[in-house]
Each structure stands twice: as structure tokens, then as C-alpha cells.
Amino acid sequence: MKVNTGKGTMPLVALVAIWSVSAIVSLPGLAVSPILDKLDTIFPTAGRLEVEMLESLPSLMIIPFMLIAGRHSVKGNKIRMLVLGTAIFLICGIGSMLSRSLVELIVLGALMGIGAGIIIPLSTGLVVDYFTGDERVRQLGISSAINNLTLVGATALTGYLAGIEWHLAFAVYLLPAITLILVPALSHTKPDPEPASGAQNRQKSLNRNMILRLMLFYFIITYASLVVTFNTSYIAATAHLDATRSGFIISLFFLAIMAPGFMLNAIIRWFGSAVNLWSLIVMGAGLLLMSLPHPSFAKLATGAILTGLGYGVMQPIIYDKAATNSPPKEATLALSLVMAVNYLAIVVAPFLIEAINRIFHTSSYRFAFLANGVLTLTIAIIALFTMKKSRVLGSDD
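Calculation notes
- Residues numbered from 1 in each chain as written.
- Predicted model: local features only at pLDDT ≥ 70, side-chain atom pairs only at ≥ 80, totals over all residues.
- Heavy atoms only, no water.
- Core = buried A, V, L, I, M, F, W, Y, C linked by side-chain atoms within 4.5 Å.
- Buried < 20%, exposed > 50% of the residue type's maximum accessible area, 1.4 Å probe, protein only.
- Helix = DSSP H or I, 4+ residues; strand = E, 2+ residues; numbered from the N terminus.
- Contact = heavy atoms within 4.5 Å.
- pLDDT = per-residue confidence, 0-100.
- Phe/Tyr/Trp six-rings, centres within 6.5 Å; stacked < 30°, edge-to-face > 60°.
- Axes fitted to C-alpha atoms, helices over the stretch in contact; angles between N-to-C directions.
- Left-handed = near helix turned anticlockwise from the far one by under 90°.
- Nonpolar A, V, L, I, M, F, W, Y, C, P; charged D, E, K, R; others polar.
- Salt bridge = Lys/Arg side-chain N within 4 Å of Asp/Glu carboxyl O.
- Polar contact = N/O pair within 3.5 Å; in protein donor to acceptor, adjacent residues only side chain to side chain.

Structural notes on the nonpolar core
- Core analysis: the biggest nonpolar cluster contains 117 residues, and Leu 186, Phe 217 and Ile 221 have the highest contact counts within it.
- The element contributing the most residues to this core is helix α5 (residues 102-130), with 16 residues.
- Aside from chain neighbours lying at most four places away, what touches Leu 186 is Ala 14, Ala 17, Ile 18, Ile 79, Leu 82, Leu 126 and Tyr 130.
- Core analysis: the second largest hydrophobic core is formed by seven residues, Val 137, Val 275, Val 313 and Ile 317 among them.

Structure (C-alpha cells):
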């Protein structure tokens with residue numbers, strides 16, 4: 001079976017290989033979450049520094065190796081990079097399942113971050129290489145959807161497996177084996193060249209000014225949305241909601257991010273150059289709804305869904321804009337720069353939230369939702385007045 005790429009066609013199995021890459025990029029660090037509250041029992045001598053390293057080191061390793069992979073992609077063989085990164089990821093996953101000490105888990109987690117850093121730019125870079133125009137936008141949306149769907153499913157699976165035996169939580173790291181099995185189908189399918197009329201061919205070099213603006217925009221909306229994952233459990237507790245309902249609300253957030261990916265072209269056609277404006281309004285409204293006094297399950301769930309929907313529309317559009325503002329050979333480099341700020345936001349968001357609370361002399365968990373909602377709507381107001389001339393906040397490339 002053949003799939004339309006906008007340039008020609010490609011075998012469905014090669015597309016499934018690209019989808020499998022999108023599925024695994026959300027996995028690093030996932031298996032650690034269900035066992036964090038058990039570390040004192042599993043490793044009685046574990047110190048605070050070791051626990052913090054286990055949580056943060058993979059993300060810290062991802063960022064520099066994403067940038068290295070992006071730079072290497074300009075002249076390097078992307079299929080070899082994919083095999084290398086996936087193999088490192090898989091070996092570290094197997095090692096984690098067999099580990100017997102916290103130090104082993106920390107080292108394997110750091111190495112897994114290196115493998116993930118190599119893979120992550122390719123999850124979108126390969127889409128850009130093989131697809132163009134509306135088909136590229138569609139596949140970037142699907143890629144984002146698969147990423148978030150895997151995140152939701154794998155989170156539930158790791159929690160279940162960790163309840164049986166903590167080593168089993170790391171079984172989700174075996175998923176890269178599917179990618180390695182499918183890589184030959186991708187390596188035998190060469191991407192067709194970008195059409196002469198394509199947006200990328202209008203770029204003689206990387207549009208650095210545009211890429212920097214996209215990075216800033218992506219950082220802001222990612223930081224603003226992360227309060228849902230970091231603070232929902234605390235607000236849910238004040239509403240006397242148990243951990244199950246809190247986890248369900250966060251799952252709704254990720255499912256809402258996923259949903260627009262399957263109909264992204266239709267959404268862009270409906271809203272045109274105002275698509276980011278409306279997405280910012282929806283996202284800001286969701287955050288403000290979660291900040292209201294007297295939180296309830298209905299308020300928090302609705303707010304999480306709205307926040308996720310707004311973010312889920314903008315994320316793949318940002319990736320597409322990054323690609324169209326670079327020549328074909330530098331597209332993966334542009335994507336690595338833009339995607340790196342997503343992980344930077346994940347690392348610094350807790351510190352920014354705490355710093356803003358200190359500036360305003362508050363310890364309320366609701367305040368972070370309020371502050372981030374106001375921030376998002378402020379960007380929406382800027383978009384309202386600039387979208388006709390702003391290639392980031394407005395007109396589609």
C-alpha cells in the first residue's frame with residue numbers, strides 16, 4: 001500500500017517506521033515516575049541528590065545531544081543516526097530492567113537521554129524529509145498525536161507494571177525494538193526531492209531570526225501548559241479528589257493535546273491566519289478555569305482539556321513553520337533547535353513557577369494557573385494585533 005507524500009508516494013510500512021519513532025520519543029524517564037515514592041524501600045541508602053539525578057539527568061542529557069544530532073543531520077546519514085540512537089535507547093532499557101542499584105539506573109538513564117537526544121529531532125525531521133505541503137502538516141499532526149497517545153498509554157502501563165514488580169516498569173523501554181525492526185523498510189525508501197515551488201526551496205539558508213522567535217514562542221506556551229502536569233495533583237487535593245481522579249485529569253490533558261493532530265489541516269482551514277490566536281485563547285481560558293476558587297472535578301477536567309486542545313494545535317504548526325524556514329538539508333537542524341526548548345521548559349518550569357510565587361508572595365498552587373493563563377492571553381492579545389504580519393503568531397507559511 002502506498003501513501004501520498006505531497007511529493008509522490010511511499011510504502012505504508014516506511015510511514016509506520018516514522019510513526020514508531022514518534023511513539024518512543026515520549027518514553028525517557030517515564031518508567032521512573034511510578035517508583036519514585038518507593039525508592040526509600042527499594043534503595044534504603046538512596047540520598048536526595050541521587051533521587052534528583054534519577055529524575056532530571058535524562059532530560060539534561062537530551063538537550064545537548066538533540067543539538068548535536070541536529071547539526072550532524074545536515075551532512076550525516078539520518079538512518080544511521082536513527083539506528084544508533086534507537087539501539088542506545090533499547091540497550092539502556094534492557095539494562096534498567098536488570099539493574100540492581102540506583103547508581104546503575106542513574107547511569108543508564110543518562111545514556112538513555114543521549115540515545116533519545118539523537119532520536120527526537122528525527123521524529124519530525126523524517127516527516128519533513130518525506131512529506132511536503134498539506135501532507136506534511138497532516139503527518140506532523142499525526143506524529144504529535146502518536147507521541148501524546150503513547151505517553152498516556154505508557155504512563156498507565158508503567159504504573160500497572162510497577163505495582164507488580166518495580167523492574168517491570170522499564171519494560172516500556174523495549175518499544176524501540178519495533179523501530180529497529182522497521183528501519184530497513186525506511187532505509188530502502190528514499191525521500192523525493194522538495195518541489196521547486198516548495199516553501200523550503202525559497203530559503204537559501206536557515207532563517208535564524210524566525211527560528212529564534214519560534215523557539216521563544218514554543219518555550220512560552222510549553223512553560224504555560226506544564227503547570228497542568230506539575231500542579232494539578234495539588235489543586236485536586238484541595239478539592240478532596242483522590243490520586244486516581246487527579247491522574248485522570250492529567251491524562252485528559254495529554255489526550256486533548258493528541259486530538260487536534262488527527263484533523264490539523266481542517267482546523268487550519270477553519271481558522272486560517274488566526275489559528276494561533278484562537279488556540280492561545282482556548283489555552284488561556286483553560287488555565288484560568290483551573291485557577292478559579294472552589295475547584296471541582298468538572299472545572300479541572302474542562303480546564304485541562306481546553307489547555308491541551310490549544311497547545312495541541314500550536315505544537316505541530318510550530319514544527320511546520322520551523323521546517324519551512326530552512327532549506328531542505330537544514331530542516332532537521334532547525335527542528336532540533338526548536339524542539340530543544342520544549343525540554344528546556346520541562347527542566348526549568350518548576351523553578352520559574354516557584355520564582356513567580358515568591359515575587360508575588362504567594363504559596364497558592366492556584367496562582368500558577370492564574371499567572372500562566374494571564375501570560376497566555378497576553379500573547380493572544382499581541383497575536384490579535386500582529387497576526388496579519390507575524391509569521392509566528394499569524395499567517396501560515
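Details of the confidence of the model for the protein
- Per-chain confidence: the protein averages 87 in pLDDT, with 96% of residues scoring 70 or above.
- Ranking the helices and strands of the protein by mean pLDDT puts helix α11 (residues 275-291) first, with 95, and helix α2 (residues 39-42) last, with 72.

Examining the side chain of Thr 189
- Tracing the sequence through the fold places Thr 189 in the loop between α7 (176-187) and α8 (208-238).
- Here Thr 189 falls in the buried class, since its relative accessible area comes to 12%.
- Not counting the four nearest positions on each side in its chain, Thr 189 is found in contact with Met 10, Pro 11, Ala 14 and Tyr 130.

Quick look at the packing of aromatic side chains
- Applying the stated criterion to the full structure yields ten aromatic pairs.
- Centre to centre, the rings of Tyr 234 and Tyr 365 are 4.3 Å apart; their planes meet at 10°, and the pair counts as stacked. A residue pair is termed long-range when its members are at least 10 positions apart, and Tyr 234 in helix α8 and Tyr 365 in helix α14 (residues 365-386) qualify at 131 residues.
- Accessibility expressed as a relative area gives 40% for Tyr 365, which makes it partly exposed.

Quick look at the packing of helix α4 (residues 78-98) against α5
- One way to put it is that α4 packs onto α5 with a least axis distance of 8 Å and a crossing angle of 145°. As for how α4 packs across α5, the hand of that crossing is left-handed. Together, Lys 78, Met 81, Leu 82, Leu 84, Gly 85, Thr 86, Ile 88, Phe 89, Cys 92, Gly 93, Gly 95 and Ser 96 of α4 and Leu 105, Leu 108, Leu 111, Met 112, Gly 115, Ala 116, Ile 118, Ile 119, Leu 122, Leu 126 and Asp 129 of α5 make up the contact between the two elements.
- Grouping the amino acids of the contact of α4 with α5 by side-chain chemistry returns 15 nonpolar, six polar and two charged.

Some words on the pattern of salt bridges
- For the structure shown, the criterion picks out three salt bridges.
- In this structure, Asp 129 and Lys 78 form a salt bridge, with 2.7 Å as the shortest nitrogen-oxygen distance. With Asp 129 in helix α5 and Lys 78 in helix α4, this pair connects stretches of sequence that are 51 residues apart. The burial state of Asp 129 is the same as that of Lys 78; both residues are buried.
- Among the salt bridges present, the one from Glu 135 reaches Arg 138, with a minimum N-O distance of 3.8 Å. One end of the pair, Glu 135, and the other, Arg 138, are both in helix α6 (residues 133-164), three residues apart, so they sit about a helical turn from each other.

Some remarks on unusual backbone geometry
- For His 294, which is not glycine, the phi torsion reads 55° and is therefore positive.
- Summarising the element assignment, His 294 is placed in the loop between α11 and α12 (297-324).
- The class of His 294 is exposed, set by a relative accessible area of 71%.

A look at the environment of Pro 193
- In this fold, Pro 193 is placed in the loop between α7 and α8.
- The spacing of Pro 193 and Arg 391 is 198 residues in sequence and 25 Å in space, taken between C-alpha atoms.

Observations concerning the side chain of Asn 372
- Mapped onto the elements, Asn 372 comes out in helix α14.
- Looking at Asn 372, its side chain comes within polar contact range of the side chain of Tyr 223, at 3.4 Å.
- At a separation of 3.2 Å, a polar atom in the side chain of Asn 372 contacts the main-chain carbonyl oxygen of Ala 224.
- Other than its neighbours up to four places away in sequence, Asn 372 contacts Tyr 223, Ala 224, Val 227 and Leu 287.

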